[in-house]
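Each chain, letter by letter, is given below.
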Amino acid sequence: MSNHPIQPQPERRRFLRFGAALGGFLTGCKTSRVEEPAEPSSLGKPLSEHGARSPFEKTGRLPGPGKNPEIGSSKTPLQDCYGILTPASLHFERHHSGVPHIDPAAHKLLLHGLVDRPLMLTMADIHRLPAVSRIHFIECSGNSRSEWGPKTAPDAQKAHGLVSCSEWTGVPLSIVLAEAGVKAGASWIVAEGADACHMQRSIPLKKALDDALLVFGQNGEAIRPEQGYPLRLLIPGWEGNTSVKWVRRIKLVDQPSMTKDETSKYTDLMADGTARQFTFEMDAKSVITFPSGGQKLAGPGFCEISGLAWSGRGRIERVEISTDGGRTWVNAALDEPRLRIAFTRFRLPWKWEGQEVILQSRCTDETGYVQPSREALLEARGANSDYHNNCITAWKISPGGGVTNV
Ligand SMILES: Nc1nc2c(c(=O)[nH]1)N[C@H]1C(S)=C(S)[C@@H](COP(=O)(O)O)O[C@H]1N2
Ligand SMILES: [Mo]
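What counts and what doesn't
- Residues numbered from 1 in each chain as written.
- Chains lettered and ligands numbered in written order.
- Predicted model: local features only at pLDDT ≥ 70, side-chain atom pairs only at ≥ 80, totals over all residues.
- Heavy atoms only, no water.
- Near = heavy atom within 4 Å.
- Polar contact = N/O pair within 3.5 Å; in protein donor to acceptor, adjacent residues only side chain to side chain.
- Helix = DSSP H or I, 4+ residues; strand = E, 2+ residues; numbered from the N terminus.
- Phe/Tyr/Trp six-rings, centres within 6.5 Å; stacked < 30°, edge-to-face > 60°.
- Buried < 20%, exposed > 50% of the residue type's maximum accessible area, 1.4 Å probe, protein only.
- Domains from an automatic or database assignment.
- Contact = heavy atoms within 4.5 Å.
- Buried area = accessible area lost by both parts, 1.4 Å probe.
- Salt bridge = Lys/Arg side-chain N within 4 Å of Asp/Glu carboxyl O.
- Nonpolar A, V, L, I, M, F, W, Y, C, P; charged D, E, K, R; others polar.
- pLDDT = per-residue confidence, 0-100.
- Pairing = 2+ DSSP bridges.

Further remarks concern the site of ligand 1. Near ligand 1 you find 20 residues, and of these Phe92, His96, Asp195, Arg232 and Lys245 are the closest. In this structure, Arg94 approaches ligand 1 through a main-chain N or O atom, which is 3.0 Å from an oxygen atom. For ligand 1, a nitrogen atom lies 3.1 Å from a polar atom in the backbone of Ser243. When residues in the shell around ligand 1 are grouped by element, the largest group, 3 residues, is from strand β3 (residues 93–95).

In structure tokens:
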């Protein structure tokens with residue numbers, strides 16, 4: 001037996017608060033007829049080589065309407081995901097020219113330009129190098145584009161589903177760059193994909209040497225073709241477009257290349273007609289996934305408000321929730337692990353009294369950056385912007401329990 005006096009545990013206190021909020025929520029489930037569940041009477045399905053989800057589970061990615069089915073994006077059903085990891089099968093997709101069919105035995109990565117020793121690496125070469133696994137989100141800078149208004153998207157998936165979070169396994173790019181030997185004067189890299197559009201992005205060498213990865217693993221299995229099989233670049237915390245998929249070439253250069261995806265696209269037009277360029281970091285954002293647009297509360301009583309927050313600059317320090325249209329805010333509990341540049345799950349026990357409610361979340365990251373209001377974002381960026389919308393959004397719960405984007 002421990003001789004330490006028993007201290008009230010924060011966990012237990014939280015549980016007691018839940019107890020109060022639950023307030024007899026489960027009384028409706030009490031039954032006087034106690035019946036044992038029936039024994040299964042026949043054998044189930046046989047063993048299988050590769051698992052599939054239950055046929056009762058129907059949630060899916062939502063391919064956006066495009067001129068052709070290869071080009072565009074499909075969105076993660078954030079409102080149907082648990083925890084902080086996105087299943088590979090539900091990771092959002094953004095392809096500019098479809099998913100190439102690549103035999104890993106034939107795939108090569110060329111490193112050249114301002115290096116001492118140009119390298120041509122096979123996948124077998126890459127698999128021999130020291131690897132790391134890291135949990136990071138990827139977010140398209142076009143995510144939440146609908147929230148510039150005037151017409152917003154009806155639910156969490158359609159509004160914010162161009163973001164997902166996985167455990168990525170791969171080789172730090174710094175290791176490969178050290179093998180090639182970076183020449184004096186090199187200050188940028190240009191990465192190129194093996195898809196038909198040859199997606200190219202310029203990335204400062206400093207970031208490439210800091211935490212960029214050459215990724216071949218996703219959530220414990222080989223990276224999916226849609227995510228860049230057999231090899232993608234991952235630039236943690238920066239706009240998704242810089243994480244070049246199906247990466248086949250990295251060139252060291254002394255200035256950015258000014259490719260189409262960093263000039264005509266992925267720049268932010270400001271009110272004065274100038275454009276912000278190389279807006280790499282994804283600012284902190286949070287989204288309430290329950291209750292969220294398109295859902296319906298069964299009735300007044302206990303409800304756990306839950307959602308996701310993330311920042312391209314590091315850890316999420318705080319998520320506040322308002323249930324009164326932004327007049328007052330309370331801190332939500334943050335699930336562990338709370339990792340850098342990864343989804344953080346937040347939760348708040350709450351009791352819905354059945355009235356109309358405007359529900360909002362606001363996050364703060366470890367740099368002290370606070371997610372802005374829509375007014376503050378428009379003030380700073382004007383109304384021409386398309387990319388990088390991270391403002392606080394609001395769900396309205398109507399007295400009938402229906403939830404809409406307002
Ligand atoms: N080669 C190549 N890389 C690419 C793209 C592409 O079309 N081709 N799309 C980019 C964009 S715009 C984004 S947001 C991310 C999306 O990654 P995902 O499809 O794995 O979610 O990949 C980036 N890398
Ligand atoms: Mo993107």
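Now, onward.
This brings us to the packing of aromatic side chains. A complete count under the given rule lists 6 aromatic pairs for this structure. Judged by centre distance (4.9 Å) and plane angle (20°), the rings of Tyr266 and Tyr387 are stacked. Residue Tyr266 is located in the loop between β13 (247–253) and β14 (268–269), and its partner Tyr387 is located in the loop between α6 (374–381) and β23 (394–397); the two are separated by 121 residues in the primary sequence. According to the relative accessible area criterion, Tyr387 is buried, its value standing at 8%. Measuring from ring centre to ring centre gives 5.2 Å for Trp310 and Phe343, while their planes differ by 50°; the resulting arrangement is tilted. Taken together, the positions of Trp310 in strand β17 (residues 301–310) and Phe343 in the loop between β20 (333–334) and β21 (344–352) put the pair 33 residues apart, joining distant regions of the chain. Here Trp310 and Phe343 have matching classes, each one buried. Clustering of aromatic rings is evident, with ring pairs tying together Trp188, Trp238, Phe278 and Phe280.

Moving on to the domain arrangement of the protein. Parsing the protein into structural domains produces domain 1 (73–152 + 161–276) and domain 2 (285–405). Contacts between the two partners involve 35 residues from domain 1 and, on the opposite side, 30 residues from domain 2. Where domain 1 abuts domain 2, roughly 3000 Å² becomes buried across the two surfaces, and 54% of that area is made up of carbon and sulfur atoms. One salt bridge connects Glu139 with Lys285, and the closest N-O pair in it is separated by 2.7 Å. Looking at the side of domain 1 that touches domain 2 element by element, the count peaks at 4 residues for strand β6 (residues 132–139). Looking at the side of domain 1 that touches domain 2 residue by residue, the classes come out as 14 nonpolar, 13 polar and 8 charged.

With that out of the way, let us pick up the side chain of Asn143. In this fold, Asn143 is placed in the loop between β6 and α3 (156–160). Within the structure, Asn143 has its side chain in polar contact with the backbone nitrogen of Gly161 (distance 3.5 Å).

In this structure, Gln157 sits in helix α3. Its relative accessible area of 6% is what places Gln157 among the buried residues. Distance in space between the C-alpha atoms of Gln157 and Gly181 is 44 Å, their sequence separation being 24 residues. Ignoring anything within four residues of it in the chain, the contact list for Gln157 reads Gly60, Arg61, Leu62, Lys75, Thr76, Pro77 and Gln79.

With 93% of its residues at a pLDDT of at least 70, the protein reaches an overall mean of 92. Every residue in residues 1–10 scores below 50 in pLDDT, and together they form 1 contact with partners more than four places removed in sequence or on other chains.

Looking now at the sheet that holds β3. Hydrogen bonds between backbone groups are what pair the strands of a sheet, and the pairing can be parallel or antiparallel. Reading across from one edge, β1-β2-β3 is the order of the 3 strands in this open sheet, with antiparallel pairing throughout. Each end of this open sheet is capped by a strand with a single partner; those strands are β1 (62–63) and β3. The pairing of β1 with strand β2 (residues 72–75) spans 2 bridges and is classified as antiparallel. Bridge pairing in β2 links Leu62 to Lys75.

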